[in-house]
Amino acid sequence: MTETILFVDDEEELLIAASQTLKLADLPVTTFSEAELALNKVARDFPGIVVSDIRMPNMDGMTLLRRALEIDPALPVILITGNGDVELAVEAMRAGAYDFLEKPYNPAHLIEVVRRALDKRRLTLENRLLRNQVGSRDAIEARLIGRSSVMVRLREQVRAVAATDADILVQGETGTGKEVIARAIHRASARQTKPFVHINCAALPKDLVESELFGHVSGAFAGAVKSRFGKLEHGRGGTIFLDAIDCLEMNVQAKFLQAIQSRQITPLGSNEIIDLDVRFIAASKEPLDKAVAEERFRDDLFYRLNVVTLYAPPLSARRDDIPQLFMHLIAEAATRYRCPMPEVDSQTLSKMATGTWLGNVRELRNAADRYVLGLSVDEDDQIISDQSLAERMNTHERAIISATLAAHGGALKPTYETLGVSRKALYEKMQKHGLDRENFS
């Protein structure tokens, strides 16, 4: 959409002069001698601003201000006051005016104020578009954010396996969102109304692992004063997520294998067999076949879990997703901290897209939290990779273009204008980096 300045003044000479001033500065302007005519052009997502004289017949500038802000409270409205109208100017600012100009105003000052207002409007609409994109996704896409090929493929796999009861192995680096994938599968499955039990295998106390998992009856061992349900039994009917399963001791793996194969458990000290109607999703940060080769993980348990294997991609494999994901994480952080949703400019999104993010989504989430709290997002040192200079430059250029396209919803004109390149140059660079505008709309 083309940005437009709606300029209203009932004095024809001033209207002509202002129009010429703005057009000479390459600022698109449409003039009106009556406020109501300009108001008819205003809509919630109108891509422009309003500049209006206050004292006019019929509808005055203050009325125009109030009615325009009823349509969109974030619309910048600049009012022009006569000499000595200080009280009126104060009232206008309290009513929500973006700024005011006092006649006779300096043409350079008019241009400066208008440009600032247009920048603010552009930023408001960009952030509104990104928030709408986040809110319009289905349950799976709302959790697994991104339009890169690896994320599109991952969502297709999640949709395919969610409808089944197949056991699943999720592998990926630390912080890539393996639990998020597991929860997305659970929420999209027929088990979504039943429990989702997250078991961190690395945090289980070694001397009580079996009791924690399978439960025990009173007197099963010293200190077992009361009977206790195990974590697996708590998940009946739902999904059991075995996080960091590669950290389980070999003897516990054997009992786990039996439980997964039979869908039955026997609490410690009991002869009662308890049926388990559950789906198992296991996750590991290292490839389990490597652990099997090093005899740290049972091969039969590996093959039992490896019915379906999903891979959580690192951020380095989907840099184009970072701007969109960062906006999503900011929205989550704003809700969590009960803070207003901050505006995010394309420069910040570009900065995020070019970061190293060794901690993957977890590290990016920390940056989003800091941004919402008004803190620096540079607290974590960014480690330079071993890429050559040319590779780094290409990665940086691709990330900047991706972030700017994301900020403008895939629209090319504001993208090449923001980047300061021609339309032809943008097309060539997009083709060079394999970028498709449809993936950002």
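Data block above holds the structure.
Throughout what follows, the structure given in this document is the object of discussion.

### So, the packing of helix H18 (residues 412–419) against helix H19 (residues 423–433)
- It is the contact of H18 with H19, at a shortest axis distance of 9 Å, that shows an interaxial angle of 100°. Classified by the angle between their axes, H18 and H19 sit roughly perpendicular to one another. When H18 is examined against H19, the residues Leu-412, Thr-415, Tyr-416 and Leu-419 are found in contact with a partner set consisting of Arg-423, Leu-426, Tyr-427 and Met-430.
- Here the contact of H18 with H19 is composed, by residue class, of six nonpolar, one polar and one charged.

### Overview of the nonpolar core
- Counting residues in hydrophobic clusters, the biggest one holds 31 residues, and the most contacted among them are Ile-199, Leu-232, Leu-242, Phe-256 and Phe-297.
- Contributions of two or more residues to this core are made by strand E7 (196–200), helix H9 (209–214), strand E8 (239–243), helix H11 (250–262), strand E11 (279–284), helix H12 (288–293) and helix H13 (299–305).
- At five residues, the largest contribution of residues to this core is made by H11.
- When residues no more than four places from it in sequence are discounted, the contact partners of Phe-297 are Ile-245, Asp-246, Met-250, Gln-253, Leu-288, Ala-291, Val-292, Phe-302 and Leu-305.
- Counting 24 residues, the second largest nonpolar core, distinct from the first, contains Leu-315, Ile-322, Ala-353 and Ala-407.

### A short note on the sheet that holds strand E2 (residues 29–32)
- Read across the sheet, five strands follow the order E2-E1-E3-E4-E5 without closing on themselves; strand pairing throughout is parallel. Unpaired on one side and paired on the other, E2 and strand E5 (99–102) mark the two borders of the sheet. Averaged over all neighbouring strand pairs, the angle between strand axes comes to 20°, with direction disregarded.
- Bridge count for strand E4 (residues 77–81) against E5 is four bridges, and the pairing is parallel. Across the sheet, the residue bridging to Ile-78 is Asp-99, located in E5.
- Along the sheet, helix H1 (residues 12–24) contacts strand E1 (4–8) and E2; its crossing angle with E2, the most-contacted strand, is approximately 175°.
- In the packing of helix H3 (residues 61–71) onto the sheet, the strands contacted are E1, strand E3 (48–53) and E4, and the crossing angle to E4 comes to about 175°.

Parameters and conventions
Just so you know, the residues in each chain are numbered from 1, in the order the chain's sequence is written. The predicted origin of the model limits local features to residues at a pLDDT of at least 70 and limits the giving and counting of side-chain atom pairs to 80 or more, whereas totals for whole chains, interfaces and linings rest on all residues. Water and hydrogen atoms play no part in the side-chain values, which are based on all heavy atoms of the structure. For helices, the fitted axis covers only the stretch in contact; all axes are lines through C-alpha atoms, and the angles between them, taken along N-to-C directions, range from 0 to 180 degrees. Secondary structure elements follow DSSP: runs of H or I no shorter than four residues count as helices, runs of E no shorter than two count as strands, and numbering proceeds from the N terminus. By the definition adopted for this analysis, an angle is roughly parallel if under 35 degrees, roughly antiparallel if over 145, roughly perpendicular if from 65 to 115, and oblique otherwise. The criterion used for residue contact is that any of the two residues' heavy atoms lie within 4.5 Å. Side-chain classes are defined by residue name, with Ala, Val, Leu, Ile, Met, Phe, Trp, Tyr, Cys and Pro counting as nonpolar, Asp, Glu, Lys and Arg as charged, and the others, Gly among them, as polar. Here, the term nonpolar core denotes a set of buried Ala, Val, Leu, Ile, Met, Phe, Trp, Tyr and Cys residues that are joined through side-chain atoms within 4.5 Å. Accessible area is worked out with a 1.4 Å probe on protein chains only. A residue is then buried under 20% of its type maximum, exposed over 50%, and partly exposed in between. Should DSSP find at least two bridges between two strands, the strands are taken to pair.

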